[in-house]
Amino acid sequence: MLTVDFDRLGVGPGTRVIDVGAGLGRHSFEAYRRGADVVAFDQSADDLAQVKVMFGAMAEAGEAPEHARAEAVQGDALALPYEDGEFDVVIASEILEHIPSDERAIAELVRVLAPGGALVVTVPRWLPERICWLFSDEYHANEGGHVRIYRADELRREIAGLGMRFIHSAHAHALHSPYWWLKCLAGVSNEKHWAVTSYHRMLVWDMMKRPWLTRTAESALDPLIGKSVALYFTKPAVRRGGF
């Protein structure tokens, strides 16, 4: 399940990509399939161990071009161990809402992006997230949980204030919002509630089969209750000769 539009980012053979907060690697895998040179970056050693295994399996199965490179790197998003402008594409999907010092994290994302490169940041959308917080403290008040609710226009201004040019926004995963509302009402750790398990089966079926009915419904609902908002930016290229 991808939150990011890779066609919009222009990811292809030879593109240098870092997926900050990669988790279990869903966006890193897509970049690798497209022939990019990928760094899956996260603080969780356990998650990255699984990502590394999957990278190896993809290479062995021929699911990624032979020229593409992929590595899993553990570290701190507040101090990325890379030079300025090292990556053509920077992805930060569903990570900033977990970081208390999000200003530092955003500054690092911008720093490692090359002039002319693309940055995409995705966070939970305000309305669906606000409902989750209203229904359940357990949803966010835990170690590693969500520490803030973003308004997209405020986050957009913050990132643009670092010299980035905003180019596009999109909403995604509307069908997932009701699932999380149900979980919050039933108890986030209650995996056996009949409504939660039934809705989860529908989501798995949708992701595997992608039938036109649910795809059409989600497209219509995304602008209203999309669980995530994605903000796309470019870093202005350095001008030469003062022009």
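Residues numbered from 1 in each chain as written. Predicted model: local features only at pLDDT ≥ 70, side-chain atom pairs only at ≥ 80, totals over all residues. Heavy atoms only, no water.

By the naming in an unreviewed UniProt entry, the chain goes by Class I SAM-dependent methyltransferase and is assigned to Nocardia jiangxiensis.

As a further point, take the overall build of the chain. In terms of helices and strands, the chain carries 9 helices and 7 strands. Expected size for 243 residues packed as a compact globule is a radius of gyration near 18 Å; at 18 Å, the chain falls within 12% of this value. Overall, the chain is about 60 × 45 × 35 Å in size when its C-alpha atoms are taken along their principal axes. Counting the 243 residues in the chain, one finds 47% classified as buried. When contacts within the chain are restricted to residue pairs at least 6 apart in sequence, long-range pairs at least 24 apart make up 77% of them. On the chain, roughly 12,600 Å² of surface is accessible, and the fraction owed to carbon and sulfur atoms is 55%. Side-chain charges of the chain comprise 26 positive and 33 negative groups, with the mean position of each set lying 6 Å from the other. (Helix = DSSP H or I, 4+ residues; strand = E, 2+ residues; numbered from the N terminus. Rg over C-alpha atoms; globule rule 2.2 N^0.38 Å. Buried < 20%, exposed > 50% of the residue type's maximum accessible area, 1.4 Å probe, protein only. Contact = heavy atoms within 4.5 Å. Areas by Shrake-Rupley, 256 points an atom, 1.4 Å probe, with all protein chains shown as cover. Lys, Arg positive; Asp, Glu negative; His and termini not counted. Charge placed at Lys NZ, Arg CZ, Asp CG, Glu CD.)

Let us look at the pattern of salt bridges. One pass over the structure, following the stated rule, counts 13 salt bridges. For the salt bridge of arginine 34 with aspartate 7, the shortest nitrogen-to-oxygen distance reads 2.9 Å. Placement of the pair is arginine 34 in the loop between helix H2 (26–33) and strand S2 (37–42) and aspartate 7 in helix H1 (residues 6–9), with a sequence separation of 27 residues. A residue is classified by how much of its surface remains accessible, and aspartate 7, at 59% relative accessible area, is exposed. A salt bridge links arginine 215 to glutamate 218; the shortest N-O distance between them is 2.9 Å. A residue pair is termed a helical-turn pair when its members lie 3 or 4 positions apart in one helix, as arginine 215 and glutamate 218 do in helix H9 (residues 212–225) at 3 residues. Neither arginine 215 nor glutamate 218 differs from the other in exposure class; each is buried. A single network of salt bridges, built from pairs that share partners, joins Asp7, Glu30, Arg33 and Arg34. (Salt bridge = Lys/Arg side-chain N within 4 Å of Asp/Glu carboxyl O.)

Before going further, it helps to examine the pairing of strand S1 (residues 16–20). With 4 of 5 residues buried, S1 lies mostly within the body of the structure. The handedness of the S1 to S2 crossover, carried by H2, is right-handed. Sheet analysis places S1 next to strand S4 (residues 87–93), joined by 4 bridges and oriented parallel. Residue pairing for S4: valine 20 is matched across the bridge by alanine 92. (Right-handed = clockwise from strand over helix to strand, strands pointing away. Pairing = 2+ DSSP bridges.)

On to the environment of valine 120. The residue valine 120 is located in strand S5 (residues 113–124) in this model. Here valine 120 falls in the buried class, since its relative accessible area comes to 0%. C-alpha separation for the pair valine 120 and glutamine 50, spaced 70 residues apart in sequence, amounts to 24 Å. With residues up to four places along the chain from it excluded, the contact list for valine 120 reads Val4, Leu9, Val90, Ile91, Ala92, Ala230, Leu231 and Tyr232.

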